[in-house]
Amino acid sequence: QVQLVESGGGLVQAGGSLRLSCAASGRTFSNCVMGWFRQAPGKEREIVAARSWSGSSTYYAESVKGRFTFSSNSENTVYLQMNSLKPEDTAVYYCAARWDLAYVPTARSGYDYWGQGTQVTVSS
């Protein structure tokens, strides 16, 4: 059974950085498309970034372009490096995955597996 586990969230001041990790068990990220989503209180869950396993196809929401980087250095773990954080980045962050897909979805419905989420709080 596939499980995704996020870590790395926390409290940081505006302008600071955090690196979120998403570790997979039960299957590697090979041949996988992956996404990071976030959900702030009272708001819909929204895409933050997405990429193919190879990295040849990537997507970043306009609100995070130039500040966030989605990367991977192993078959089991992916990362979301978040720099220049703003209070509006405060949310629960989720990683998501889907295997054997030829494109990178940006909608929630495009993903089959989800982590439990990690809280990111940015103070002003």
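Residues numbered from 1 in each chain as written. Predicted model: local features only at pLDDT ≥ 70, side-chain atom pairs only at ≥ 80, totals over all residues. Heavy atoms only, no water.

Peer 1: Can you explain the overall build of the protein? Please cite residues and give values.
Peer 2: When helices and strands are counted, the protein shows zero helices and 11 strands. Helices and strands in the protein line up, N terminus first, as β-β-β-β-β-β-β-β-β-β-β. The C-alpha atoms of the protein give a radius of gyration of 13 Å, which matches the 14 Å a tight globule of 124 residues would have. The dimensions of the protein, computed from C-alpha atoms along their principal axes, are 40 × 30 × 25 Å. In the form shown here, the protein has an accessible surface area of approximately 6200 Å², with 44% of it arising from carbon and sulfur atoms. Both charge centroids of the protein, one from 11 positive and one from 9 negative side chains, sit 2 Å from each other. (Helix = DSSP H or I, 4+ residues; strand = E, 2+ residues; numbered from the N terminus. Rg over C-alpha atoms; globule rule 2.2 N^0.38 Å. Areas by Shrake-Rupley, 256 points an atom, 1.4 Å probe, with all protein chains shown as cover. Lys, Arg positive; Asp, Glu negative; His and termini not counted. Charge placed at Lys NZ, Arg CZ, Asp CG, Glu CD.)

Peer 1: So what about unusual backbone geometry? Which residues, and what values?
Peer 2: In this structure, Ser84 is a non-glycine residue whose phi angle is positive, near 50°. Taking the relative accessible area as the measure of exposure, Ser84 reaches 41% and is therefore partly exposed. Even without a glycine there, the phi angle at Asp100 is positive, about 60°. Relative to the helices and strands, Asp100 resides in the loop between β9 (91-99) and β10 (113-114). With relative accessibility at 58%, the residue Asp100 sits in the exposed group. (Buried < 20%, exposed > 50% of the residue type's maximum accessible area, 1.4 Å probe, protein only.)

Peer 1: How would you sum up the sheet that holds strand β7 (residues 68-72)? Please name residues and give values.
Peer 2: Taking strand neighbours across the sheet as the criterion, the four strands line up as β1-β3-β8-β7 in an open arrangement whose pairing is antiparallel. Because the sheet does not close on itself, it has two edges, and the strands there are β1 (3-7) and β7. For this sheet, the mean inter-axis angle between neighbouring strands, taken without regard to orientation, is 15°. (Pairing = 2+ DSSP bridges. Axes fitted to C-alpha atoms, helices over the stretch in contact; angles between N-to-C directions.)

Peer 1: I'd like a rundown of the pattern of salt bridges, residues and numbers included.
Peer 2: This model, assessed by the stated rule, comprises six salt bridges. In this structure, the salt-bridge partner of Arg27 is Asp100, at a minimum N-O distance of 3.3 Å. Of this pair, Arg27 sits in the loop between β3 (18-25) and β4 (32-39) while Asp100 sits in the loop between β9 and β10; the two residues are 73 residues apart in sequence, bridging distant segments of the chain. Among the salt bridges present, the one from Asp89 reaches Arg38, with a minimum N-O distance of 2.9 Å. Of this pair, Asp89 sits in the loop between β8 (77-82) and β9 while Arg38 sits in strand β4; the two residues are 51 residues apart in sequence, bridging distant segments of the chain. (Salt bridge = Lys/Arg side-chain N within 4 Å of Asp/Glu carboxyl O.)

Peer 1: Describe the side chain of Arg51, listing the residues and the values that go with them.
Peer 2: By secondary structure assignment, the location of Arg51 is in strand β5 (residues 46-52). Although Arg51 lies buried, it forms no salt bridge, and the closest oppositely charged side chain, Glu75, sits 11 Å away as judged by the N-O distance. A distance of 3.0 Å separates a polar atom in the side chain of Arg51 from the backbone oxygen of Trp53. A polar contact of 3.3 Å, which involves the side chain of Arg51, links it to the backbone oxygen of Phe70. In contact with Arg51, not counting residues within four places along its chain, are Cys32, Val33, Met34, Ser57, Thr58, Phe70, Ser71, Ser72 and Val104. (Polar contact = N/O pair within 3.5 Å; in protein donor to acceptor, adjacent residues only side chain to side chain. Contact = heavy atoms within 4.5 Å.)

Peer 1: Account for the pairing of β8, naming residues and giving values.
Peer 2: Here β8 lies mainly inside the structure; five of its six residues are buried. As defined by bridge partners, β3 adjoins β8 across six bridges and the pair is classed as antiparallel. Bridging across to β8, Ser21 finds its partner in Tyr79. Where β7 lies against β8, five bridges are found, and the strand directions are antiparallel. Opposite Thr69, over in β8, you have Gln81 as the bridge partner. In this antiparallel pair of consecutive strands, β7 and β8, the connection spans four residues.

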